[in-house]
Amino acid sequence: MKKIYLLDTNIISEFSKERPNQNVIALYEARKNFCAISAITWQELIYGLERMPDGKRKTYIEECLVEYKEEFEIIPYDDFAAGICGQLSGKCSKEGAVLEVINRLQKGRPFYVK
């Protein structure tokens, strides 16, 4: 089945919360067969896990990530995606703006959703 929803880290993180946002859960449940995550989102999830102190919560998140890897197709960051990002970055640069996603990718920095 073709995936048409690319879930971001903040949405995936909602699934492992003690009290997840029920609207997020309901929307996901209604569309879960059409959802995927990007390799960048997977990287962010692993990064977040690695920063956590050892303990019950970290163990729980590790278990969640095992399930997520089985449940979600992970879309690679490939030449097509890189081409689009290059175009967007160039257009932003012409306008004196920085496309934060590109800036972080180029510097190998993780993304944060606050």
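Residues numbered from 1 in each chain as written. Predicted model: local features only at pLDDT ≥ 70, side-chain atom pairs only at ≥ 80, totals over all residues. Heavy atoms only, no water.

Colleague: Can you help me understand the sheet that holds strand 2 (residues 35-38) in this one?
Modeller: Pairing between sheet strands relies on hydrogen bonds along the backbone, with the strands arranged either parallel or antiparallel. One open sheet accounts for 3 strands, arranged 1-2-3; its pairing is parallel. Only two strands of the sheet have a single neighbouring strand rather than two, namely strand 1 (5-7) and strand 3 (73-75). In this sheet, adjacent strand axes meet at a mean angle of 45° when their direction is disregarded. Bridge count between strand 2 and strand 3: 3 bridges; the pairing is parallel. Bridged to serine 38 within strand 3 is isoleucine 75. Across the sheet, helix 3 (residues 39-51) touches strand 1, strand 2 and strand 3, and the angle it forms with strand 2 is around 70°. (Pairing = 2+ DSSP bridges. Helix = DSSP H or I, 4+ residues; strand = E, 2+ residues; numbered from the N terminus. Axes fitted to C-alpha atoms, helices over the stretch in contact; angles between N-to-C directions. Contact = heavy atoms within 4.5 Å.)

Colleague: Is there a simple way to think about helix 5 (residues 79-94) in this case?
Modeller: With 16 residues, helix 5 should reach 22 Å at 1.5 Å per residue; the first-to-last C-alpha distance of 22 Å fits that figure. Residues Ala81, Cys85 and Ser89 constitute the buried set of helix 5. Taken around the axis of helix 5, the buried residues stretch over an arc of 65°, which confines them to a single face. Structural note: helix 5 exposes Asp79, Phe80, Gln87, Lys91 and Lys94 on the side pointing more than 90 degrees away from its buried face. Glycine 96 sits one or two residues past helix 5 and shows a positive phi near 80°. (Expected span 1.5 Å × (residues − 1). Buried < 20%, exposed > 50% of the residue type's maximum accessible area, 1.4 Å probe, protein only. Arc of directions from axis to C-beta.)

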